[in-house]
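# Structural description and commentary
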Amino acid sequence: MKEHVFNNLSRKSFLRGSLAAAVAAGSASLLSACGGSASGDGEKKVLRFGVNNPKVTFDTQKTSGSVGVSEAVAESLLVLNPDTKEIEPNLVTGLPTVSDDGLTYSFELKDGVKFHNGETLKSSDVKYTLTRMFLPATKATSIDSYAYIEGAKDIIAGKTEELSGVVIKDDRHFDIKLTQPYSTFNAIMAQFYAVIYPEKACKEAGEAWGTETNFIGTGAYKLVSNDSATEVVLEGFADYHEGKPGLDELRFVYIDDANTRVLNYKNNDVDLVFISQSLIQQYQNDESISKEIVNYTPASTQFVNLNLQSQNLKDVRVRQALSMAIDRDTICSTILSNVAKPAKSFIPSSETGYNESAPEFEYNVDKAKQLLAQAGVSNLTLNAQVRSQDQNLMVAIQDAWSKIGVTCNVSVIDSGVWSDARANGELEVTLVTWSTLSFQGIEHMGSYFRSDRAAKKSSFYNSSEFDNLVDQARLTVNDNDKVLELTRQADSLMTHTDYACLPIDWPQMPYVLKPEFTGLSVLVNPHFDKVKKK
């Protein structure tokens, strides 16, 4: 799961939190020299992608802040189809066969898949990669969903370095054994946290893996230069297992200012940018690019995180009143510039488990006041600490709550301080955008609000009924309808009965792409493997 920062467009939370990308920059003369703006048959086909500098490693086991480089270079065994949202084989010949008890997944690697250094992908690379994920020295950031692999928890605890749950049969065949059935296991194996690394190269790089040009995968593009400050250059991989990609080069040029990125696009210095919410209204009215704007719907939810350990928020009637005071439609059309859809549940329409028939959250100031009166609450004062990108929305919510007699003190704190404070349970009220790379609603919710996770996120939602619904959905295999029903029940319980959090909107990610490029897909970050230049 990821936390995303849509304003700054760096990867998070999705998810978020963070998110997105912009496009590469460079003067016309520079691009002419490298072939970026050329159209002749003998010249390079280059896509220039301008993006804010996330200043993080490319190693997806250690960060959720990639802006698309990692996914272009390295690949997972399975992939999520961006259009159908179905799980499909990628580095393997087909979806894994699953044992009758749902505990053993058997995989067969494609024959002859090459890493960028010329080595052939083997079962041992898969086992090495997954083992490395759990080693304490790796300090991996998103291992919770993978800890159901047999032996993972012993590695995490430092008891062993042997991942017993990955059983190698030969160079192309292996099994992954789980400690319990897990209905979304294929989906989490398609996430970018599970991309496969070449064992030998990764070991040789040591702590440098993911820095400079020490990052190798099986992807459509290989890393050829990285100065960490201005530009990352990827080159089309001629031996890619799906055939040579349609572009000769991808250039990720770091442009931190959101408006400057769009101006570079208008000046034809870049080919793709994501547009921040604060600028979308301006550019929707700009005839030079308005027809090129695409709104992508990620698997993300922006919500008010409520600390249920606060005495102010223990009464569900208070939480429901706070929800009823918020006019989500108006917020989305004004503060969020129509690049967000009003949430009516936690799970958005882009995910499995979305309930189209769920009722909208009621906006009723008078009823909100009555609920507070019934709870015996008056002169309520709350403290909201948010990051700078969430300030405008929190101020709008502050104003909405004032209309029902609730005072909300809003303060802006540094992102690092915010992260620590949330983990330590110190935030009474804050805003979060939480995303999932799996597009599985049960994982989106469970990764944040299951009691063991909520205790680490200043939520402290602790419902045995909700936990049981999440667990039952994860344990249910070969019955997708039941998984969907359990997911919808969990969502309804959390958001419409317990009001454990207050979903506000489902963010959109607007971007612009030059019309000479086709085949771009977006799953939180752009995917370039099928992109071609006319």
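Here is what the cut-offs are and how they apply
- Residues numbered from 1 in each chain as written.
- Predicted model: local features only at pLDDT ≥ 70, side-chain atom pairs only at ≥ 80, totals over all residues.
- Heavy atoms only, no water.
- UniProt positions renumbered as here; feature names shortened; annotations may be inferred.
- Axes fitted to C-alpha atoms, helices over the stretch in contact; angles between N-to-C directions.
- Helix = DSSP H or I, 4+ residues; strand = E, 2+ residues; numbered from the N terminus.
- Parallel < 35°, antiparallel > 145°, perpendicular 65-115°, else oblique.
- Left-handed = near helix turned anticlockwise from the far one by under 90°.
- Contact = heavy atoms within 4.5 Å.
- Nonpolar A, V, L, I, M, F, W, Y, C, P; charged D, E, K, R; others polar.
- Expected span 1.5 Å × (residues − 1).
- Buried < 20%, exposed > 50% of the residue type's maximum accessible area, 1.4 Å probe, protein only.
- Core = buried A, V, L, I, M, F, W, Y, C linked by side-chain atoms within 4.5 Å.
- Domains from an automatic or database assignment.
- Buried area = accessible area lost by both parts, 1.4 Å probe.
- Salt bridge = Lys/Arg side-chain N within 4 Å of Asp/Glu carboxyl O.
- Polar contact = N/O pair within 3.5 Å; in protein donor to acceptor, adjacent residues only side chain to side chain.

By the naming in an unreviewed UniProt entry, the protein goes by 4-phytase and is assigned to Lancefieldella parvula. According to UniProt, the comment filed for the protein under the heading Subcellular location (unreviewed entry) is "Cell membrane". UniProt annotates the protein under Sequence similarities (unreviewed entry) with the comment "Belongs to the bacterial solute-binding protein 5 family."

This part takes up the packing of helix 9 (residues 316–324) against helix 11 (residues 365–374). Relative orientation of the contacting elements helix 9 and helix 11 amounts to 165 degrees, with a least axis distance of 8 Å. As far as their axial angle goes, helix 11 and helix 9 are roughly antiparallel. In this structure, helix 9 crosses over helix 11, and the sense of that crossing is left-handed. Seen from helix 9, the contacting residues are Arg317, Val318, Gln320, Ala321 and Met324; seen from helix 11, they are Val365, Lys367, Ala368, Leu371, Leu372 and Gln374. Along the lines of polarity and charge, the residues of the contact of helix 9 with helix 11 split into 7 nonpolar, 2 polar and 2 charged.

Here we come to helix 3 (residues 123–134). A turn of α-helix holds 3.6 residues, and therefore any two residues three or four places apart point the same way. Taking 1.5 Å of rise per residue, the 12 residues of helix 3 would be expected to cover 16 Å, and the 18 Å separating its terminal C-alpha atoms lies within 8% of that figure. Within helix 3, 11 of the 12 residues are buried, which leaves it mostly tucked inside the rest of the structure. When helix 3 is considered as a whole, its buried residues turn out to be Ser123, Asp125, Val126, Lys127, Tyr128, Thr129, Leu130, Thr131, Arg132, Met133 and Phe134. Contact partners of the buried residues in helix 3: helix 4 (152–156), strand 8 (166–168), strand 9 (173–177) and helix 6 (199–205).

Attention now goes to the nonpolar core. Judged by nonpolar contacts, the single largest core of 82 residues is most densely connected at Leu47, Leu77, Ile176, Leu234 and Phe528. Broken down by element, the residue count for this core peaks at 5 residues, all from helix 3. Both domain 1 (75–196) and domain 2 (221–294 + 510–522) contribute no fewer than three residues apiece to this core. Ile176 has contacts with Leu103, Thr104, Tyr105, Phe107, Leu130, Ile149, Gly165, Val166, Phe185 and Met189, leaving out every residue within four places of it along the chain. Counting residues in hydrophobic clusters, the runner-up holds 64 residues, among them Ala454, Tyr461, Leu469 and Ala473.

Once that is clear, we can look at the domain arrangement of the protein. It is common to give the size of an interface as the accessible area that goes away when the parts come together. Here the domain parsing of the protein yields domain 1 (75–196), domain 2 (221–294 + 510–522) and domain 3 (300–507). Once you take the C-alpha centre of each, domain 1 and domain 3 turn out to be 32 Å apart. Counting residues at the interface gives 14 residues for domain 1, matched by 14 residues for domain 3. Carbon and sulfur atoms make up 61% of the area that domain 1 and domain 3 hide from each other, which totals about 1300 Å². Together, Lys85, Ser183 and Thr184 form the three largest contributors to the area buried by domain 1 at its contact with domain 3, with a combined 31%. Our enumeration of links across domain 1 and domain 3 arrives at 1 salt bridge. At the junction of domain 1 with domain 3, the criterion picks out 7 residue pairs in polar contact (both at pLDDT 80 or more).

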